[in-house]
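Fold and geometry: a report
Here's the letter readout for the chains.
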Amino acid sequence: MKIYVRCLGIALIAVITALGQWSGGAPGEPGAGPRRDVIVRGEITSSAPLLGSWMVELASHGAGVASPAFVNPDGTFELRAPASGIYELLVSAGSGGVVYRQYIVAGDSNQPLSIRLPEPGSAGTASRSDGNTVSVHQLTHKVPAAAQKAFNKGQKAVKKGNHEEAAKCFLEAVTIDPEFTDAYNDLGASQVELGRLAEAAEAFQKVIDIEPDHPLGLHNLSIVLAKMHRFREAGETARRALQRDPSNAEMHLILADCLMIQGGNPAEALANLQRAESRIPKAHLLAAHILADTGKPSEAVGELRNYLLALPADDAQRPQLETWLAQLEKQSNP
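So, here's what we can say about the structure. Quantities reported herein were computed from a predicted structural model and do not represent experimental measurements.

Turning our eyes to something else, we now look at the packing of helix H2 (residues 145–159) against helix H3 (residues 163–176). Look at H2 against H3: their axes get within 8 Å of each other, and the N-to-C directions meet at 165°. By the angle between their directions, the pair H2 and H3 is classed as roughly antiparallel. Crossing geometry of H2 relative to H3 is assigned as left-handed. Here Ala-146, Ala-147, Ala-150, Phe-151, Lys-153, Gly-154, Gln-155, Ala-157 and Val-158 of H2 come into contact with H3, specifically with His-163, Glu-165, Ala-166, Cys-169, Phe-170, Glu-172, Ala-173 and Ile-176. Taken together, the residues of the contact of H2 with H3 break down into eleven nonpolar, three polar and three charged.

This is the structure:
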């Protein structure tokens, strides 16, 4: 099956570095000083209108999500953090699902945040990092100038479609700075473009070695492992990615696919496909196969119809799928 990959253009990074490294201490942590609210303001922009209700929230390390606030019609927002420190800011659509996350430092003299929502992704490529989002690791780890220069050069090569040159630049960057997660991630993405899946898996694994719960690293590693037909490992990695980002439709699809290939639990595979259907129409088709195989033709009909609604009228598969739909309808109404 075709592997779908989210390409949001942002790095969704998980925290692994001790928040005690922040001079103010972790939010609410003993010794962090007197508790008092810190105001966090910002503005959200997007290439598409912000229709419906949008919400921003702050999550502190190990303390769950707090301080929710609705985004104003003009895209502005204001949040209150309980204390100075490092927080994860999450942006979610009213229909559910986090679409953007970023680690921020909340303090006494905050500059207004400027958040650009990601463009819809394309399938079949590994997700690259972007300077718009930072992790706690990035906040506390200083990239040497020479490594940053090589990384920037690699990004320019990517834009020109020169993935061989890009890979060399990203490799130079991680040689200078062995903890440069963005460089490892983009090295892996370039290796995927060059068809070097084993090298790509090694690069994405390095991202996770540095930041074990790094969603983008886990996401990309799962994709590559699936491409290499290492389905057990791909499924396990997808599970880890979903623990960090349960809204990741592509990881739900990968996990379901791996379960199906390995003869796993059909109910679990179906549940994951249903979590992916709103973003990935092909999940409807796979769900239809599971339902048909488990003796539920009427439910399979509904899934297959939904898939056909999203399929182009001139798609070569349509006649075969329409024939199958007719067969399922007969089974549903003997």
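Additional details are given in the paragraphs that follow.
The next point concerns helix H5 (residues 197–210). Here H5 is 14 residues long and its end C-alpha atoms lie 20 Å apart, about the 20 Å a rise of 1.5 Å per residue gives. For H5, the complete set of buried residues consists of Ala-200, Ala-201, Ala-203, Phe-204, Val-207, Ile-208 and Ile-210.

The biggest cluster of nonpolar side chains holds 46 residues, and the ones touching the most others in it are Met-251, Leu-253, Ile-254, Leu-273, Leu-304, Leu-321 and Trp-324. Mapped onto this core, the elements with two or more residues apiece are H5, helix H6 (215–227), helix H7 (231–244), helix H8 (249–261), helix H9 (266–276), helix H10 (282–293), helix H11 (297–310) and helix H12 (318–332). It is H8 that contributes the most residues to this core, eight residues altogether.

As a further point, take the environment of Leu-113. Along the polypeptide, Leu-113 turns up in strand E7 (residues 113–116). In sequence terms Leu-113 and Ile-44 are 69 residues apart; their C-alpha atoms lie 8.4 Å from each other. The residues touching Leu-113, leaving out its near neighbours within four places in the chain, are Val-40, Arg-41, Gly-42, Glu-43, Phe-77, Leu-89 and Ile-104.

So, on to the pattern of salt bridges. According to the stated counting rule, one finds nine salt bridges in the structure shown. For Glu-268, the salt bridge is made with Arg-239, and the minimal N-O distance between the two is 2.7 Å. Of this pair, Glu-268 sits in helix H9 while Arg-239 is found in helix H7, placing the two residues 29 residues apart along the sequence. The exposure class assigned to Glu-268 is partly exposed, which follows from its relative accessible area of 24%. The exposure class of Arg-239 is partly exposed, given its relative accessible area of 36%. Among the salt bridges present, the one from Glu-250 reaches Arg-279, with a minimum N-O distance of 3.3 Å. Here Glu-250 is found in helix H8, whereas its partner Arg-279 is found in the loop between H9 and H10, with 29 residues between them in sequence. Accessibility expressed as a relative area gives 6% for Glu-250, which makes it buried.

Further remarks concern the packing of H3 against helix H4 (residues 181–193). Interaxial distance between H3 and H4 falls to 9 Å at its minimum, and their mutual angle equals 155°. By the criterion of interaxial angle, the relationship of H3 to H4 is roughly antiparallel. Here H3 and H4 pass one another in a crossing that is left-handed. Here His-163, Ala-166, Ala-167, Phe-170, Leu-171, Ala-173 and Val-174 of H3 lie close against H4, whose contacting residues are Ala-183, Tyr-184, Asp-186, Leu-187, Ser-190 and Glu-193. Across the contact of H3 with H4, the residue classes tally to nine nonpolar, two polar and two charged.

Reading guide: rules and limits
- Residues numbered from 1 in each chain as written.
- Predicted model: local features only at pLDDT ≥ 70, side-chain atom pairs only at ≥ 80, totals over all residues.
- Heavy atoms only, no water.
- Axes fitted to C-alpha atoms, helices over the stretch in contact; angles between N-to-C directions.
- Helix = DSSP H or I, 4+ residues; strand = E, 2+ residues; numbered from the N terminus.
- Parallel < 35°, antiparallel > 145°, perpendicular 65-115°, else oblique.
- Left-handed = near helix turned anticlockwise from the far one by under 90°.
- Contact = heavy atoms within 4.5 Å.
- Nonpolar A, V, L, I, M, F, W, Y, C, P; charged D, E, K, R; others polar.
- Expected span 1.5 Å × (residues − 1).
- Buried < 20%, exposed > 50% of the residue type's maximum accessible area, 1.4 Å probe, protein only.
- Core = buried A, V, L, I, M, F, W, Y, C linked by side-chain atoms within 4.5 Å.
- Salt bridge = Lys/Arg side-chain N within 4 Å of Asp/Glu carboxyl O.

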